[in-house]
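Chains, contacts and geometry: an overview
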Amino acid sequence: GQDTRIALQYSSQCAFASGKKWSNSASMARARTNSSLSFCPPITVSIIERVQQKFFAAFPRGNVWRNEQLAKVNEAWEVRSPILGRRRIFPLGQTDFTIAVNYPIQSGAADVVNRGTLIFYEKLRNVDPSARVIAQVHDALYVDADETRADAVAKLLEESLSCHLSLVEGAPPMAFLAAAKVGKS
């Protein structure tokens, strides 16, 4: 039969800002207001400061975690992913603040996808022997499967990649829920 492409879009209940990395609020505001994205209203330093204040008011331990994380990275000259323990090293001890605080977040999401992909791959042959994983792009997994087995493969994909994990010692587990979509290729 014709192959059917199954795409997994992975999401968690925890949201983090993504995009370009900036050294401080002022440089981010300048870059944003000077950008070619003229259809967007300018982001001022005042707006960024208000967003930061609201964020840290809602998540008061965020600032504590950020400072503790930077201290750990400065001491160890490395930062590790929270689940699989993959590491990024700073061999000369020149720690980058943005990497120190963003790496655990970004690599944690990758750890979840990598962990689930291994579970999925081990069970895939039982559901569709002809199916194959064709790509993993960030938090998306693409699979070619027989059209008659596509729904079963999509279900396996959701079951394999959905999980509850605690990313910080002592924190309650957080749900990472996967949703698969089936489409013809």
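Fair warning: this is a prediction, and the values are worked out from it, not measured in the lab. (Residues numbered from 1 in each chain as written. Predicted model: local features only at pLDDT ≥ 70, side-chain atom pairs only at ≥ 80, totals over all residues. Heavy atoms only, no water.)

Concerning the overall build of the protein
Put simply, the test is: Helix and strand labels come from DSSP, where a helix needs a run of H or I of at least four residues and a strand needs a run of E of at least two; each type is numbered from the N terminus. What makes two residues a contact is simply this: any of their non-hydrogen atoms within 4.5 Å.
Along its length, the protein carries five helices and seven strands. When the helices and strands of the protein are placed in sequence order, the string is β-α-α-α-β-β-α-β-β-α-β-β. Here the analysis covers contacts within the protein between residues at least 6 apart in sequence; of these, 55% occur between residues at least 24 apart.

A closer look at the nonpolar core
Definition in use: Take the buried Ala, Val, Leu, Ile, Met, Phe, Trp, Tyr and Cys residues and link them wherever side-chain atoms come within 4.5 Å; each set so joined is a nonpolar core. Only protein chains enter the accessibility calculation, which uses a 1.4 Å probe; a residue whose area is less than 20% of its type maximum is buried, one above 50% is exposed, and one in between is partly exposed.
Counting residues in hydrophobic clusters, the biggest one holds 14 residues, and the most contacted among them are Phe120, Leu124, Val153, Leu157 and Leu161. Only helix H4 (97–127), strand S5 (140–146), helix H5 (150–161) and strand S7 (174–184) provide two or more residues apiece to this core. The greatest single-element share of this core, amounting to five residues, is contributed by H5.

A short note on the pattern of salt bridges
Stated formally: Between Lys or Arg on one side and Asp or Glu on the other, a salt bridge is scored when a side-chain nitrogen of the former is within 4 Å of a carboxyl oxygen of the latter.
Taken as a whole, this structure holds seven salt bridges when the rule is applied. With its nearest N and O atoms 2.8 Å apart, the salt bridge here joins Arg80 to Glu78. We classify Glu78 as buried; its relative accessible area is 18%. The residue Lys184 makes a salt bridge to Glu147 at a minimum N-O spacing of 2.5 Å. A residue pair is termed long-range when its members are at least 10 positions apart, and Lys184 in strand S7 and Glu147 in the loop between S5 and H5 qualify at 37 residues. By relative accessible area, which is 59% here, Lys184 ends up exposed.

Digging into the packing of helix H3 (residues 61–76) against H4
Rules: As a rule, the C-alpha atoms of each element are fitted with a line to give its axis, helices using only the stretch in contact, and angles between N-to-C directions run from 0 to 180 degrees. Should an angle lie under 35 degrees it is considered roughly parallel, over 145 roughly antiparallel, and from 65 to 115 roughly perpendicular; all remaining angles are considered oblique. When residues are sorted by character, Ala, Val, Leu, Ile, Met, Phe, Trp, Tyr, Cys and Pro go into the nonpolar class, Asp, Glu, Lys and Arg into the charged class, and all the rest, Gly among them, into the polar class.
Contact pair H3 / H4: the axes reach a minimum separation of 9 Å and the direction vectors enclose 110°. Overall, the two elements H3 and H4 adopt an arrangement that is roughly perpendicular. Note on element contacts: H4 touches H3 through Phe97, Ala100, Val101 and Pro104, opposite Trp65, Arg66, Gln69, Leu70 and Val73. Residues belonging to the contact of H3 with H4 are distributed by class as follows: seven nonpolar, one polar and one charged.

A closer look at H5
For an α-helix, the turn length of 3.6 residues means that residues three or four places apart are oriented alike. Convention followed: Helix span, expected: 1.5 Å multiplied by one less than the number of residues in the helix. Note: the arc covers the axis-to-C-beta directions of the helix.
End to end, H5 covers 16 Å across twelve residues, agreeing with the expected 16 Å (1.5 Å per residue, within 8%). Buried within H5 we find Ala150, Val153, Ala154, Leu156, Leu157, Ser160 and Leu161. Axial view of H5: buried residues confined to an arc of 160°, hence all on one face. Among the exposed residues of H5, those oriented more than 90 degrees off its buried face are Asp151 and Lys155.

Looking at the packing of aromatic side chains
Two aromatic rings, taken as a pair, are described by how far apart their centres are and by the angle between their planes. Keep this limit in mind: Between the rings of Phe, Tyr and Trp (Trp by its six-membered ring), a pair exists once the centres lie within 6.5 Å; its type follows the angle of the planes, with under 30 degrees stacked, over 60 edge-to-face, and the other angles tilted.
Counting across every chain of the model gives two aromatic pairs. The interplanar angle of 80° and the centroid separation of 5.2 Å between the aromatic rings of Phe55 and Phe56 together place this pair among those described as edge-to-face. Look at Phe55 and you get partly exposed, because its relative accessible area is 37%. With a centroid separation of 5.0 Å and an interplanar angle of 40°, the aromatic rings of Phe55 and Phe59 are classed as tilted. Here the aromatic cluster, defined as three or more aromatic residues joined through ring pairs, consists of Phe55, Phe56 and Phe59.

Quick look at the confidence of the model for the protein
Heads up, the rule is: On a range of 0 to 100, pLDDT expresses the predictor's confidence in each residue.
Residues with a pLDDT of 70 or more make up 78% of the protein, whose mean pLDDT is 79. Mean pLDDT in the protein bottoms out at helix H1 (residues 25–33), which sits at 38, and peaks at H5, which reaches 95. In the model, residues 1–38 has pLDDT below 50 throughout and makes 90 contacts with residues more than four positions away in sequence or in other chains.

Quick look at the side chain of Glu78
This is how it is decided: Here a polar contact is taken to be a pair of N or O atoms separated by no more than 3.5 Å, where protein atoms must pair a possible hydrogen donor with a possible acceptor and residues adjacent in sequence count only if both atoms sit in side chains.
Structurally, Glu78 can be placed in strand S2 (residues 78–80). Within the local environment of Glu78, its side chain forms a polar contact with the side chain of Arg80, the two groups lying 2.8 Å apart. Apart from the residues within four sequence positions on either side, Glu78 is in contact with Val73, Arg87, Arg88, Ile89 and Phe90.

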